[in-house]
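Commentary on secondary and tertiary structure
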Amino acid sequence: MIDKKDHRKINKIMRLYHKQKEAPGMIFWHHNGWVIFNQLKTFIRAQLNKWKYQEVNTPIMLSESLWNVSGHLENFFDSIFFTNSENKKYCIKPMNCPAHIQIFNKHLKSYRDLPVRMAEFGICHRNESSGSLYGLLRLKSFTQDDAHIFCTENQIQQEISNCITMIMDAYKIFGFKKIHIKFSTRPDHRIGTDQIWDEAELSLKNALFDSKLDFEYQKGEGAFYGPKIEFILEDCLNRLWQCGTIQLDFYLPSRFGSYYIDGNNNHKIPIMIHRAILGSIERFIGILLEQYSGSLPVWLSPIQVMIININENHSQYVINLAKKLLKLNIRVQYNIKNEKINLKIRNYIIEKIPYILICGDKEINNNKVSVRYRNNNATHIMDINDFIKKIQYEIEFRVL
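The following paragraphs examine the structure supplied in this document. Quick caveat, the model's predicted, so the values are computed rather than measured. (Residues numbered from 1 in each chain as written. Predicted model: local features only at pLDDT ≥ 70, side-chain atom pairs only at ≥ 80, totals over all residues. Heavy atoms only, no water.)

Overview of the pattern of salt bridges
In a structure, side chains of opposite charge can pair up when their charged atoms sit close to one another. Considering all chains together, one arrives at 16 salt bridges under this definition. Across the pair Asp198 and Arg186 runs a salt bridge whose closest N-O atoms are separated by 2.6 Å. With a gap of twelve residues between them, Asp198 in helix α8 (residues 194-210) and Arg186 in the loop between β9 (178-184) and α8 connect regions that are remote in the sequence. Arg190 is paired through a salt bridge with Asp194; the nearest N and O atoms lie 3.0 Å apart. Classification of Arg190 by relative accessible area gives partly exposed; the value is 29%. Taken together, the salt bridges that share partners define one network made up of Arg186, Arg190, Asp194, Asp198 and Glu201. (Salt bridge = Lys/Arg side-chain N within 4 Å of Asp/Glu carboxyl O. Helix = DSSP H or I, 4+ residues; strand = E, 2+ residues; numbered from the N terminus. Buried < 20%, exposed > 50% of the residue type's maximum accessible area, 1.4 Å probe, protein only.)

So this is what it looks like as structure tokens:
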């Protein structure tokens, strides 16, 4: 059972991506896989719009001096890729937070401008050991659906609660029912005073209590700059995957001289909340492939409909139907080759295509199609317009 769910084996059937020795721990996305990737980005973008985030994009390479100021150089040195240009040393970014602070600092902010919610699909690189690399689940290069919220102390509680709601609502869309939440407290190696850590930990804990969510403590597992909440998904085989995170940070903005003007015209340092929903998009795709054994929900499937003919007399009907579905932004392909119908059906079921439409004399004469579902041996005859309404509903409302 586990072997059939291995996303690496599913990938070979669905032709989503490949890896090769010239780029260890990095992904060559093929068209089908890139469709899934971009559908997830579209989904997250809808959440960003709903919760009033600004989407940004920052350089993949930044001066080493920036990472020295942030403290990442000291705490993540072994995980950072370095490069040189014109006698200057650069880091390939392992995360996005210092870059987002640079954008915040570029223009003067008033307390009326806060909170500033900044999001990025940031490409990050971490120098993982070759022995730890595993399919899509552990990579050297990955894309985070990363965000940082700059806010006042009075806004912390509400913003963290919003993040919790945003993350939990997203996971329900994907059908995850068992979500484990862990609260990670101050590590031994950290920056800042115990007083600030007390305040940060209390804020996160209160937000969890307000959300009425059960959670476990992870003593000493917080980030070096602040405590964090981790969201861990349990799949249908009872495996655990850490994806979302919320981290409360009282320190990085002060290290970079960030400030806003408060109501008394004084400089105040903003509080920074780090948050991710899916985490690594690549890793989340691997999790989804295993959760659904490759039979992804229709809205995520690279090919949503495959149309096939019974013989060459039905070819033009197939082509016209495919054009009609394409105009409605349904991802459709067709096969009018002279092949056995049962072989066609079998191949497309193996490839996890949700709907196979079969067109013959009976269907053409009645403006209908025979619909074969990937997880059901039965074939149902449907009016074409009824089928279109059905699949549009499943796509729009992200039906599982």
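Structure's up, so let's keep going.
What about a nonpolar patch on the surface?
On the surface, Ile60, Met61 and Ile123 cluster together to form a nonpolar patch covering roughly 230 Å² of accessible area. For Ile123, the location among the structural elements is in strand β7 (residues 116-125). (Patch = residues over 30% accessible without salt bridge, like charges linked within 9 Å, V, L, I, M, F, W, Y side chains within 5 Å. Areas by Shrake-Rupley, 256 points an atom, 1.4 Å probe, with all protein chains shown as cover.)

A short note on unusual backbone geometry
A cis amide bond links Leu114 to the next residue, Pro115, at an omega of 5°. For Pro115, the position within the fold is in the loop between α6 (97-105) and β7. One non-glycine residue with positive phi stands out, namely Glu86, at about 50°. Within the secondary structure layout, Glu86 lies in the loop between β5 (81-85) and β6 (88-92). Its relative accessible area of 74% is what places Glu86 among the exposed residues. Backbone geometry places Lys212, a non-glycine residue, at a positive phi of 55°. Along the chain, Lys212 falls in the loop between α8 and β10 (216-218).

A short note on the sheet that holds β9
One open sheet holds the eight strands; their spatial order is β3-β7-β8-β15-β12-β11-β9-β10, and the pairing between them is mixed. Every interior strand has two partners, whereas the edge strands, β3 (54-55) and β10, have only one. When β9 meets β10, the two strands line up parallel, connected through three bridges. Paired with Ser184 across the strands is Gln218, a residue of β10. Packed on one face of the sheet, α6 meets β7, β8 (141-151) and β15 (271-280) and runs near 140° to β7. (Pairing = 2+ DSSP bridges. Contact = heavy atoms within 4.5 Å. Axes fitted to C-alpha atoms, helices over the stretch in contact; angles between N-to-C directions.)

Quick notes on the sheet that holds strand β17 (residues 332-335)
Overall, mixed pairing links the five strands, which are arranged β17-β16-β18-β19-β20 in an open sheet. Two strands in the sheet have a free side with no partner beyond their single neighbour: β17 and β20 (379-383). Here the strands of the sheet are splayed against their neighbours by 30° on average, with no regard to which way each runs. Where strand β16 (residues 305-309) meets strand β18 (residues 355-359), five bridges bridge the pair, whose relative direction is parallel. Across the sheet, the residue bridging to Met306 is Ile356, located in β18. Taken strand by strand, helix α11 (residues 315-327) contacts β16, β17, β18 and β19 (368-373), and its axis lies near 165° from that of β16. Against the sheet, helix α12 (residues 341-350) engages β16, β17, β18 and β19, with an angle of about 170° to β16.

Digging into α11
Between its first and last C-alpha, α11 extends 19 Å over 13 residues, near the 18 Å set by a 1.5 Å rise per residue. On its buried face, α11 is in contact with β16, β17, β18, α13 (361-366), β19 and α14 (384-396). Remark: Asn329 follows α11 within two positions and exhibits a positive phi of approximately 60°. (Expected span 1.5 Å × (residues − 1).)

Let's talk about the environment of Leu240
In this structure, Leu240 sits in strand β12 (residues 240-249). Once the C-alpha coordinates of Leu240 and Ile179 are considered, the two residues, 61 residues apart in sequence, prove to be 9.0 Å apart.

Topic: α12
One turn of the α-helix equals 3.6 residues, which is why residues spaced by three or four share an orientation. Turning to α12, its buried residues number three or more, namely Lys344, Ile345 and Tyr348. End-on, the buried residues of α12 take up no more than an arc of 95°, which puts them together on one face. Residues of α12 that are buried sit in contact with β16, β17, β18 and β19. (Arc of directions from axis to C-beta.)

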